[in-house]
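Below, each chain spelled out in residue letters.
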Amino acid sequence: KCADATNDLLTVNRAQGTSTAVAHLNDVTVTREEVGLVVGNDMLVAATTFQAQYLASQAAGTYILIEAEIMLVVSWVLGFPEVFRAQAGSAATVHVKGSTIRVAAQTV
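Predicted, not measured: the structure shown is a model, and the values here were computed from it.

### Some details on the environment of Gly79
Line of reasoning, step 1. Within the element layout of this structure, Gly79 appears in the loop between strand S5 (69-77) and strand S6 (80-87).
Line of reasoning, step 2. Among the residues examined, Gly79 registers a relative accessible area of 54% and is labelled exposed.
Line of reasoning, step 3. For the pair formed by Gly79 and Gln51, sequence separation is 28 residues and the distance between their alpha carbons is 8.0 Å.

Structure follows, in C-alpha cells:
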C-alpha cells in the first residue's frame, strides 16, 4: 500500500493482507493504482461526461477503465470528466451509479 509520492519518494506499508515483507533490489518498479466511483446518475452508452468521485486529480490524456470499457479523459467540463469512450477495442456500455473507476496504473 503506497502513500502519495513526493519527489519520487514513497512511504510504503509493507506486508499488507496475506503478503510477506521481502528484500527488493534497487530500481525495482512500483506501481500505484488510483480508484474512483461513478456517482450521480447511471452513465448511459451515449454519455461523454459523467459525475465522478475521487477522480478530479486526473489530467486530460489519462486513460480510465470502468468495468471492461476503456475511456480517455479529454477535458473537464464544470467539474465532470469529458471522455472519449470505447478506446482500445473496448465497447461502450451502461455503467451504474457506484461503478468503480480504475485509473491506468502509473509506474513510479
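Moving on from the coordinates now.
### Quick look at a nonpolar patch on the surface
Line of reasoning, step 1. There is a patch of nonpolar side chains on the surface, built from Leu44, Val45, Val94 and Val96 and spanning about 320 Å² of accessible area.
Line of reasoning, step 2. The residue Leu44 is located in the loop between strand S2 (35-39) and strand S3 (51-53) in this model.
Line of reasoning, step 3. Taking relative accessible area as the criterion, Leu44 reaches 52% and is therefore assigned exposed.

### Some details on the nonpolar core
Line of reasoning, step 1. Val38, Met43, Ala47, Phe50, Leu55, Ile64, Ile66, Met71, Val73, Val83, Ile101 and Val103 form the largest nonpolar core, which has twelve residues in total.
Line of reasoning, step 2. Mapped by element, the contributors of at least two residues to this core are strand S4 (63-66), S5 and strand S7 (100-103).
Line of reasoning, step 3. The contacts of Leu55, once residues within four sequence positions are left out, are Phe50, Ile64, Trp76, Pro81, Ile101 and Val103.

### Considering the environment of Asp42
Line of reasoning, step 1. Considering the arrangement of structural elements, one finds Asp42 in the loop between S2 and S3.
Line of reasoning, step 2. Given the relative accessible area of 40%, Asp42 is considered partly exposed.
Line of reasoning, step 3. For Asp42 and Gly98, which are 56 residues apart along the polypeptide, the C-alpha to C-alpha distance reads 8.5 Å.
Line of reasoning, step 4. At 2.9 Å, the side chain of Asp42 and the backbone nitrogen of Lys97 are in polar contact.

### Things to note about the environment of Thr48
Line of reasoning, step 1. Assignment of secondary structure puts Thr48 in the loop between S2 and S3.
Line of reasoning, step 2. Exposure remark for Thr48: the relative accessible area of 39% places this residue in the partly exposed category.
Line of reasoning, step 3. In the structure, Thr48 is positioned 36 residues away from Phe84 in sequence and 6.7 Å away in space, judged by C-alpha atoms.
Line of reasoning, step 4. With residues near it in sequence (within four places) discarded, Thr48 still touches Pro81, Glu82 and Val83.

### Some remarks on the sheet that holds S4
Line of reasoning, step 1. Taken in spatial order, the six strands of this open sheet run S3-S2-S7-S4-S5-S6, and their pairing is antiparallel. Among the strands making up the open sheet, the edge pair consists of S3 and S6. Ignoring strand direction, the axes of neighbouring strands in this sheet form an average angle of 40°.

What counts, and where the lines are drawn
- Residues numbered from 1 in each chain as written.
- Predicted model: local features only at pLDDT ≥ 70, side-chain atom pairs only at ≥ 80, totals over all residues.
- Heavy atoms only, no water.
- Helix = DSSP H or I, 4+ residues; strand = E, 2+ residues; numbered from the N terminus.
- Buried < 20%, exposed > 50% of the residue type's maximum accessible area, 1.4 Å probe, protein only.
- Patch = residues over 30% accessible without salt bridge, like charges linked within 9 Å, V, L, I, M, F, W, Y side chains within 5 Å.
- Areas by Shrake-Rupley, 256 points an atom, 1.4 Å probe, with all protein chains shown as cover.
- Salt bridge = Lys/Arg side-chain N within 4 Å of Asp/Glu carboxyl O.
- Core = buried A, V, L, I, M, F, W, Y, C linked by side-chain atoms within 4.5 Å.
- Contact = heavy atoms within 4.5 Å.
- Polar contact = N/O pair within 3.5 Å; in protein donor to acceptor, adjacent residues only side chain to side chain.
- Pairing = 2+ DSSP bridges.
- Axes fitted to C-alpha atoms, helices over the stretch in contact; angles between N-to-C directions.

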